[in-house]
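# Commentary on secondary and tertiary structure
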Amino acid sequence: MKSTIEFYKSLYAKVSTEKNNLEAIVNVQKKVIAMLIEKKFSLKEILDTINIQFELIFGEGICSIYLFDKEKDTFFLHSAPKLPVDYYDYINDILSDSRNEDEKHPLYLEQRVVVSNIEAAPMWSDCKDKALQYGFKAWWSKPIRDHEQNLLGAFSMYYHYHNTPDERDLQIIDQAANLIRLVIQHFQAEERIIFLKSHDELTGLPNRKRFKEKLTIAINLFKKTHGKMLGVMYFDLNQFKLINDTLGHSIGDLLLKAVAERLKECTRENDIVSRQVADNFSIFIDHVSKHEVTIIANRIHNVLAKSFTIEGHEIFVTPSIGISLFPADGNNADELLRKADVALNQAKKEGSNTFQFYESKWDEKTNERLLIENELRKALDKQEFKLHYQPIIDLSSGRITGVEALLRWYNPKLGFIPPDRFIPIAEETGLIVSIGEWVLRTACHKLRYWQDNGYLISTISVNISIRQFYQPNLIMVIDQILKESGINPSSLTIEITESMTMDVEKATTILKNLKGMGVNISIDDFGTGYSSLSYLKKFPIDYLKIDRSFIKDIDKSKDDENIATTILLMGQNLGLNVIAEGVETSEQLGILKSNNCNEAQGYLFSKPISDDELEELVANLSR
Ligand code: C2E
Ligand code: CA
Ligand code: CA
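Let us look at the structure shown here. (Residues numbered from 1 in each chain as written. Chains lettered and ligands numbered in written order. Predicted model: local features only at pLDDT ≥ 70, side-chain atom pairs only at ≥ 80, totals over all residues. Heavy atoms only, no water.)

This next bit is on the coordination of the calcium ion (ligand 2). The calcium ion (ligand 2) binds to the protein through Glu404 (OE), Asn463 (OD1), Glu495 (OE) and Asp524 (OD); the donor distances cover 2.1 to 2.3 Å. Binding-site remark: the calcium ion (ligand 2) is held by donors from one chain whose sequence spacing is E-x58-N-x31-E-x28-D. A gap of 4.0 Å separates the calcium ion (ligand 2) and the calcium ion (ligand 3), which aspartate 524 links by coordinating each metal. Residue asparagine 463 is located in strand S16 (residues 459-463), and its partner glutamate 495 is located in strand S17 (residues 492-497); the two are separated by 32 residues in the primary sequence. Residue classification places asparagine 463 among the partly exposed positions, given a relative accessible area of 28%. (Donors = N, O, S within 2.8 Å, 3.2 Å for Na, K, Ca; no water. Helix = DSSP H or I, 4+ residues; strand = E, 2+ residues; numbered from the N terminus. Buried < 20%, exposed > 50% of the residue type's maximum accessible area, 1.4 Å probe, protein only.)

Okay, structure coming up:
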């Protein structure tokens, strides 16, 4: 009978402590959540609270909480209010050392561990003496993981006597671990939010705000050292918008990430690479000379010049870089950034693939640029454009085989503006699409007129800009113009540049479509682009035009001659016609001829001239 009563008594006692435990745990949870919401407490303060509260629930034992440092791949003790300070430090030393040692601290088993008797446990053999010195006899621990099983930390208990956990102890440990997990994850999320406020989510680079803060600090700390300054680079990727539009934003995003990775490789630890907006990056370089900035800018060019492979697309990008220097160009972050941006615009004007240091005269040029843009918007309607034509000469017969159409713009306010000035602006504003269509139409109709009137001009070459090239309706537009002008498609040559083929796959499709219509394709300014020769085989092209810069000193520089003759040889091997551009002297012509160059163009034969002048020239020649 007695035993039955005692049984019921003990049962009642168990139920009541279970109830008490549960209530106590719920109370701790409430308290901790309130602390989280209040946002006034540090992670350590909250973990200390959890330890103290759970020590009360367990009744005996000392609780401790470890955090896991993912980067270092180690645990460290973060909260154990009741552990002696010496012992606390000792454990942290052991933890930071023992990850790679044979004798690992038992936490590195990364599983639930119960050591009822430290003295007898082999896994404690290394640290047992110290534990015993402090009177610790038993130790239990449980790892804490997030929902994806990533290690966050561990919870452990020390006892001053040999002790094995019963069912109740294990349940309380589980509850403690759950609560700790919640707290750690909360702080991780907070950290992430703070990180995101100062960083760019896509690339993980510091954002504009952070960049400016860091630059401002550096300006304030700057100490004059002979020849040293701070450099600010501002740059974007040429044609990035186009990549985004044609290949989609997700590929654009991946490209930006890849670019960010390469940029980090180019800079030193103290330099800051940041993403400002879209494809605008900025780099701040601490204590450098102008010469060193130049080296870094060149390095960026080289590093980015290698093609990127993104989801099977081989993509080429080139940056344009503008650079400002402290203290020469400004004394605060905003001014330095603005001037680097002005220099960037200048770099773009100079053609892609270049960098520029800020010069004050460009600020005036920026205004001029706006003026050009305004006038350009109205130019087509006001019929301010004209085409000039430059003869292309067949070198074996000396005859004019065709002409290249070159755009001319005369504006009553601004005067004559060369294409190198306004075409980049037309490109950026998108105006090039309608202007380019006008060029194509005018050129084709003119050729038809010449052919109908007995002028011996068999082909016309038209320059296509990158924006036009990637217009989805390009093929349709050309097809329509060919039909309405009635010229044979084989008498039209489309000139594109190497840099336009940065998306090899897409370019191949467009070129094949053009070829399918019977139009000829010419690679203009050959030798100045990224010089990936592999694509030459892939693309259905007919002509290579050796860039003027190689012809210029062909009779003076062996290097230039070598480049030109290599291009000639390569063209011959691939069955392409090679046209030399910018031939001005008979010496240049001599070298080209002796290397079997097919055709040439340049002031030696004729400058680009108006239609009337061309008609006169052709008429005279055939007389
Ligand atoms: P490009 O296609 O390389 O055209 C050749 C440029 O070299 C022309 O300059 C021409 O006048 C110049 N040139 C020809 N022979 C000689 C020579 O012997 N010596 C020297 N120093 N220069 C020579 P231009 O007309 O100023 O055109 C500059 C660039 O503007 C062209 O370079 C082309 O990229 C662009 N462009 C011209 N017209 C159009 C157009 O209708 N559409 C597009 N998208 N771009 C055009
Ligand atoms: Ca051209
Ligand atoms: Ca050219």
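And the narrative resumes.
Position of aspartate 560 among the secondary structure elements: in helix H19 (residues 558-573). In this structure aspartate 560 is buried but unpaired, with lysine 552 as the nearest side chain of opposite charge at 7.3 Å. Every residue in contact with aspartate 560, bar those within four places of it in the chain, is listed here: Ser549, Phe550, Asp553 and Ile554. (Lys, Arg positive; Asp, Glu negative; His and termini not counted. Salt bridge = Lys/Arg side-chain N within 4 Å of Asp/Glu carboxyl O. Contact = heavy atoms within 4.5 Å.)

A word on the coordination of the calcium ion (ligand 3). Around a metal, the idealised angle for a tetrahedral arrangement of four donor atoms is 109.5 degrees; for an octahedral arrangement of six donor atoms it is 90 or 180 degrees. Bound to the calcium ion (ligand 3) are the protein donor atoms Asp524 (OD), Asp525 (OD), Glu581 (OE) and Glu581 (OE), situated 2.1 to 2.5 Å from the metal. Binding-site remark: the calcium ion (ligand 3) is held by donors from one chain whose sequence spacing is D-D-x55-E. We classify aspartate 525 as partly exposed; its relative accessible area is 26%. By relative accessible area, which is 11% here, glutamate 581 ends up buried.

This part takes up the site of ligand 1. Around ligand 1, a shell composed of 22 residues is seen, among which Gln390, Arg408, Arg548, Glu584 and Tyr603 lie nearest. With respect to ligand 1, the side chain of glutamate 584 contributes an N or O atom lying 2.5 Å from a nitrogen atom. Notes on ligand 1: free accessible area 800 Å², of which the protein chains cover 85%. Counting only elements with at least two residues in the shell around ligand 1, the list comes to strand S14 (400-411), helix H12 (419-429) and strand S18 (520-526). Considering every element that reaches the shell around ligand 1, the biggest residue donor is S14, with four residues. The class makeup of the residues in the shell around ligand 1 is nine nonpolar, five polar and eight charged. (Near = heavy atom within 4 Å. Polar contact = N/O pair within 3.5 Å; in protein donor to acceptor, adjacent residues only side chain to side chain. Areas by Shrake-Rupley, 256 points an atom, 1.4 Å probe, with all protein chains shown as cover. Nonpolar A, V, L, I, M, F, W, Y, C, P; charged D, E, K, R; others polar.)

The subject of this paragraph is the environment of glutamine 572. By the secondary structure assignment, glutamine 572 is in helix H19. For glutamine 572, a relative accessible area of 33% translates into the label partly exposed. Along the backbone, glutamine 572 and aspartate 329 are 243 residues apart, and their C-alpha atoms lie at a distance of 51 Å. Excluding residues within four positions of it along the chain, glutamine 572 makes contact with Asn595 and Asn596. For glutamine 572, the side chain forms a polar contact with the main-chain oxygen of asparagine 595, separated by 3.4 Å. Engagement of the side chain of glutamine 572 in a polar contact is seen with the backbone oxygen of asparagine 596, the distance being 3.2 Å.

Turning next to H12. Taken together, the buried positions of H12 are Pro419, Phe422, Ile425, Ala426 and Glu427. Check the buried side of H12 and you find it contacts helix H11 (361-379), strand S13 (385-394), S14, strand S15 (415-417), helix H13 (432-452) and helix H14 (466-469). Where H12 ends, the next residue or the one after it, glycine 430, has phi of about 85°, a positive value.

Next up on the list: a nonpolar patch on the surface. Side chains of Ile33, Ile37 and Leu182 sit close together on the surface and give an oily, nonpolar patch of about 280 Å² of accessible area. By secondary structure assignment, the location of isoleucine 37 is in helix H1 (residues 2-38). On the accessibility criterion, isoleucine 37 (65% relative accessible area) is exposed. (Patch = residues over 30% accessible without salt bridge, like charges linked within 9 Å, V, L, I, M, F, W, Y side chains within 5 Å.)

Counted by the stated rule, this structure contains 22 aromatic pairs. Plain terms: the ring middles of phenylalanine 385 and tryptophan 409 are 6.0 Å apart, the flat faces sit at 45° to each other, and that makes the pair tilted. In this pair, phenylalanine 385 sits in strand S13 while tryptophan 409 sits in strand S14, placing the two residues 24 residues apart along the sequence. For the pair shown, phenylalanine 385 and tryptophan 409 are each scored as buried. A network of ring pairs unites the aromatic residues Tyr87, Tyr90, Trp124, Tyr134, Phe136, Trp139 and Tyr158 as a single cluster. We note lysine 290 situated over the ring of phenylalanine 357; from NZ or CZ to the ring centre the distance is 4.7 Å. (Phe/Tyr/Trp six-rings, centres within 6.5 Å; stacked < 30°, edge-to-face > 60°. Lys NZ or Arg CZ within 6 Å of the ring centre and 35° of its normal.)

This paragraph deals with the sheet that holds strand S5 (residues 151-159). The strand order across the open sheet formed by five strands is S2-S1-S5-S4-S3, and the pairing between neighbours is antiparallel. Since the sheet does not close on itself, it has two edges, and those belong to strand S2 (74-79) and strand S3 (113-115), each with one partner. Ignoring which end each strand starts from, the neighbouring axes of this sheet average 20° apart. As judged from the three bridges shared by S3 and strand S4 (residues 138-145), these two strands associate in the antiparallel manner. Counted as the bridge partner of valine 114 is tryptophan 140 from S4. Those strands touched by helix H2 (residues 43-58) are strand S1 (62-69), S2 and S5, and its axis lies near 145° from that of S1. Set on the sheet, helix H5 (residues 167-198) makes contact with S1, S4 and S5; between it and S4 the angle comes to about 45°. (Pairing = 2+ DSSP bridges. Axes fitted to C-alpha atoms, helices over the stretch in contact; angles between N-to-C directions.)

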